[in-house]
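Examining the three-dimensional arrangement
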There are 2 protein chains.
Amino acid sequence: MINQINVGYGKTRSVIRELFEYGKKRKAEIGEDNVYDFSLGNPSVPAPEEVTDALIKLVIEEDAVALHGYTSAQGDLSVRRAVADDLNSRFSTALSADCIYMTCGAAASVCITLNALLNKGDEVITFAPFFPEYTVFTANAGGTLKAVETDPKTFLPDIAKFSVALGEKTKAVIINSPNNPSGVVYGEEVIKELCKVLAEHEKKTGNRVFIISDEPYRELVFGGIYVPFIMNYYADSIVCYSFSKSLSLPGERIGYIAVNNRMPDWTEIYAGICGAGRAMGYVCAPALFQQLVKRVLGKTSDISVYESNRNILCEALREYGYEVVQPDGAFYLFVKSLEEHAAAFAERAKKYELLIVPADSFGVKGYVRIAYCVSPQMIKKSLPAFKKLAESYKK
Amino acid sequence: MINQINVGYGKTRSVIRELFEYGKKRKAEIGEDNVYDFSLGNPSVPAPEEVTDALIKLVIEEDAVALHGYTSAQGDLSVRRAVADDLNSRFSTALSADCIYMTCGAAASVCITLNALLNKGDEVITFAPFFPEYTVFTANAGGTLKAVETDPKTFLPDIAKFSVALGEKTKAVIINSPNNPSGVVYGEEVIKELCKVLAEHEKKTGNRVFIISDEPYRELVFGGIYVPFIMNYYADSIVCYSFSKSLSLPGERIGYIAVNNRMPDWTEIYAGICGAGRAMGYVCAPALFQQLVKRVLGKTSDISVYESNRNILCEALREYGYEVVQPDGAFYLFVKSLEEHAAAFAERAKKYELLIVPADSFGVKGYVRIAYCVSPQMIKKSLPAFKKLAESYKK
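As a starting point, this report considers the structure included with it.

Side note on helix H3 (residues 49-61) of chain A
Three- or four-residue spacings in an α-helix give side chains the same orientation, since the helix completes a turn every 3.6 residues. Counted at 1.5 Å a residue, the expected span for H3 of chain A with its 13 residues is 18 Å, and the 18 Å between its end C-alpha atoms agrees. Within H3 of chain A, the full set of buried residues consists of Val-51, Thr-52, Ala-54, Leu-55, Ile-56, Leu-58 and Val-59 of chain A. Lining the buried residues of H3 of chain A we find helix H4 (64-68) and helix H11 (287-296) of chain A together with helix H3 (49-61) and helix H4 (64-68) of chain B.

A few points about the sheet that holds strand E9 (residues 332-336) of chain B
All names here are of chain B. Judged by pairing direction, the sheet is antiparallel, and its three strands sit side by side in the order E9-E12-E11 without closing on themselves. At either margin of the open sheet sits one strand with a lone partner, and together these are E9 and strand E11 (357-358). Taken together, the two bridges between E11 and strand E12 (residues 367-371) define a ladder with antiparallel strand orientation. Residue pairing in the sheet places Val-357 in a bridge with Arg-369 of E12.

Section: the interface of chain A and chain B
Counting residues at the interface gives 80 residues for chain A, matched by 80 residues for chain B. Summing both partners gives a buried area of about 6,200 Å² for chain A against chain B, and 54% of it is carried by carbon and sulfur. Across the contact surface, chain A and chain B share four salt bridges. Glu-133 of chain A is the salt-bridge partner of Arg-278 of chain B, the closest N and O atoms lying 2.7 Å from each other. Scanning the region where chain A abuts chain B turns up 41 residue pairs in polar contact (both at pLDDT 80 or more). If one sorts the elements of the side of chain A that touches chain B by residue count, helix H10 (residues 266-279) of chain A sits on top with nine residues. A breakdown of the residues in the side of chain A that touches chain B according to their chemical character gives 45 nonpolar, 23 polar and 12 charged.

Considerations on the relation of the copies chain A and chain B
The transformation that overlays chain A on chain B combines an axial shift of 0.0 Å with a rotation of 180 degrees, and the residual RMSD is 0.0 Å. Between the two chains, the operation in question is that of a two-fold axis. Within chain A, the C-alpha atom positioned nearest to the axis of rotation is that of Ile-56 of chain A, 3.0 Å from it. With an isologous cut-off of 70% or more, the 100% of interface residues of chain A that recur at the interface of chain B puts this contact in the isologous class.

Let's talk about the packing of aromatic side chains
Scanning all chains against the criterion turns up 37 aromatic pairs over all chains. A network of ring pairs unites the aromatic residues Tyr-217, Tyr-306, Phe-331 and Tyr-332 of chain A as a single cluster. Lying over the aromatic face of Tyr-393 of chain A, Arg-348 of chain A brings its terminal NZ or CZ to 3.8 Å of the ring centre. Lying over the aromatic face of Tyr-22 of chain B, Lys-350 of chain B brings its terminal NZ or CZ to 4.2 Å of the ring centre.

Considering the packing of helix H6 (residues 106-117) of chain A against helix H7 (residues 133-140) of chain A
Residue and element names in this part refer to chain A. Across the interface, H6 lies against H7 with an axial gap of 9 Å and an inter-helix angle of 35 degrees. In this structure, H6 meets H7 at a crossing whose hand is right-handed. Across from Ala-107, Val-110, Cys-111, Leu-114 and Asn-115 in H6, the residues of H7 making contact are Phe-137, Thr-138 and Asn-140.

Some words on the side chain of Asp-236 of chain A
All names here are of chain A. Its location among the elements puts Asp-236 in the loop between strand E6 (210-214) and strand E7 (237-242). Engagement of the side chain of Asp-236 in a polar contact is seen with the side chain of Arg-208, the distance being 2.9 Å. Those residues in contact with Asp-236 that lie beyond four places of it in its chain are Glu-202, Arg-208, Val-209, Phe-210, Ile-211 and Met-263.

A closer look at the pattern of salt bridges
All names here are of chain A. Applying the stated rule across the entire model yields 38 salt bridges over all chains. Ionic pairing is found between Asp-265 and Arg-208, a salt bridge with its closest N-O pair at 2.7 Å. Separated by 57 residues along the polypeptide, Asp-265 in the loop between strand E8 (255-259) and H10 and Arg-208 in the loop between helix H9 (188-205) and E6 bring together distant segments of the chain. Connected through salt bridges with shared partners, the residues Asp-86, Arg-90, Glu-215, Arg-218 and Glu-219 form a single ionic network.

Scoring rules and cut-offs
Sequence order as written defines residue numbering, which begins from 1 separately in each chain. As a convention, the first chain written is A and the first ligand written is 1, with the rest following in written order. For this predicted model, a pLDDT threshold of at least 70 governs which residues receive local features, and a threshold of 80 or more governs which side-chain atom pairs are given and counted, while totals over whole chains, interfaces and linings are taken from all residues. Excluding hydrogens and water, the side-chain values take into account all heavy atoms of the structure. For helices the rule is a DSSP run of H or I covering at least 4 residues; for strands it is a run of E covering at least 2, with both sets numbered from the N terminus onward. A helix is expected to span 1.5 Å multiplied by its residue count minus one. Type-normalised accessible area, obtained with a 1.4 Å probe on protein chains alone, sets the label of each residue: buried when under 20%, exposed when over 50%, and partly exposed for intermediate values. Whether two residues touch is decided by their heavy atoms; if any such pair falls within 4.5 Å, the residues are in contact. By definition, two strands form a pair when at least two bridges between them are found by DSSP. Defined here as a combined quantity, buried area equals the accessible surface (1.4 Å probe) lost by two parts on assembly, summed across both. Salt bridges are counted wherever a side-chain nitrogen of Lys or Arg sits within 4 Å of a carboxyl oxygen of Asp or Glu. Any N or O atom pair separated by 3.5 Å or less is treated as a polar contact, with the protein-specific requirement of one donor-capable and one acceptor-capable atom, and with residues adjacent in sequence counted only for side-chain atom pairs. Residues are grouped as follows: Ala, Val, Leu, Ile, Met, Phe, Trp, Tyr, Cys and Pro are nonpolar; Asp, Glu, Lys and Arg are charged; all remaining types, including Gly, are polar. Fitting of the copies onto one another was done by least squares over C-alpha atoms, counting residues only where both copies have pLDDT of at least 70. Ring pairs shown here join Phe, Tyr and Trp side chains whose ring centres sit within 6.5 Å, with only the six-membered ring taken for Trp; geometry is labelled stacked below 30 degrees between planes, edge-to-face above 60, and tilted in between. Our definition puts a charge over a ring when NZ of Lys or CZ of Arg is within 6 Å of the ring centre and also within 35 degrees of the ring normal. Note on geometry: axes are C-alpha line fits, over the in-contact stretch for helices, and angles between N-to-C directions span 0 to 180 degrees. Here a crossing is taken to be left-handed if its near helix is turned anticlockwise relative to the far helix by less than a right angle, and right-handed if that turn runs clockwise.

Written out as structure tokens, the structure is:
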């Protein structure tokens, strides 16, 4: 008998991946442009020109042996230094290269961090709705994920419920702002409240709780909204980042973990991260893309497309009668299902070639996630389908 | 208290990585050319021209969104089809794309496979000397690695001892041919004997044991020697491959797992692999390099360099009084230490700027590993140092 937990994970897939695969088949049947695929956070805006230019330059000019060779397990030193400098200049931190561990993207960042921190039986808290893979990642690290409710009007954490949820076994809290799937951004007020509760909990019980800030959408915010950088508010914090969304490179698997050196024992935490990465077979992050991100730090894809998509979609959906909380960041819209069961709603949406993800596995029933990181043409073309879907419930 | 096992893995590092880091510092002190760094299997032969050409062509010609986007978790379908076709044409198998799971290199391949197969408390057998990270990878998957001795004259498995080592808890056997660190290739005779023992064990006890064939060095063999393809000898087999060594791309983390579809339940095993990869945060293998390997399947770096290195080094070392078993493949030489403790020997070698890995962690005491995948110039320049090291023991 092989490991049945992993067979289960392999057979069920995530709801998102399931729909993504369905979409691929459906597109082959009726044509790419006729399927309104809002299933996956696969950016439609191409990587900025600087990425393509830098890639070509690297491959042409650099010595192939050095370029494609192993880096240190934690990442090339010059790359880590550049990442630390970039963070320091933007967020007034004082990180060194030794705080940075380059990874194969955000999922790897989160998994490695969880494996570094957790002992068997530990609990991890997050706020619903949340990225459903957190459940799988936490379980694989020997822990249990506990979701705390948010205010359904804002999707911001319910601080009172958070306070009650904290216990002896709580090892970490995952925050994800801008949020997948709600697009909500945690402002300074919310962050301060969360940190205050954790500080009180530690004072009262002696239990230290880490904040893991999963922030692949950090740069994807609209209207110049401020995203607080967790390290400046809470010492026991670890930032998990990916360049997937900001540079439109989700398939290339490149990101990092940044360990807050305001922790007295940060080198111990960093060692745990190195060890977890090693034990899970992450030898080093892809070498060419380590060099690539070093050369384009601070650049992003054209994010204005997502803002415009959001505006068009929010306005239209509200007009058709959908209940929508307008997001400030990321490229997801969290929309109330037009019937009790989101899965049935998403299934009906398929009839109109709309691929939207039922959000039960995101920890909130009765909602769907719309990943609007598609082309503006696709947004416009999809609107009649959303309209028909809404009308189908009015008959 | 964070996870102390992973802190331990992070603090100790592997002996190889430790020496690699020492080498980087030493080179900065006395110059790249003055350190004879035989620590790491980092190929010195550049990737073939076809790799550079194909990379540039892909980046220039392909649509950036598609090129750098997520692939299916198991890998792009056309890539998997090409890999299956390539294996079929070379080894007369009948694999489909659905037998192939693209990975971030060989370590990921092995870790994912172990996590797919093992339940807590299972045992995995391998043959000493072996790649020391197998111990860490197996432990992380909840199992225990058990090393079976080989014949010190040939480093081929001791079949009698293997037969005794098999037990109720044995879930898998890892074979690694061409072998790291001995360079030995398991011929057809050996493979047949191993398979026979496993078949008898299954018949007698009902225990099914998988063979995991870790073969990143498959193409690195000299004198046209034949490397049997495990799937043709044993149904319950899974092949773990990496393009790191054959294409000199170790930093890029690209490889695959091939599941033998001669197993009646191969789709179940494949699901377990998908699930394990998912739970460990391996979202997909790097997308650009998936497309790259598809375009250069069958190509390799100039392997003749390694053969020539081997010949020069073996001849010289024997002349200086070292005891060497000449390897048929990979790019490692397993040499008897000139004193009882290999660690002390490797430490003394550092005085002559020779970085060689003490092999205690490879499961055999009193040996060192020399990774001769360096430049021919480096081999020649290092010979006087090897000579002086040997002479230092004669005084």
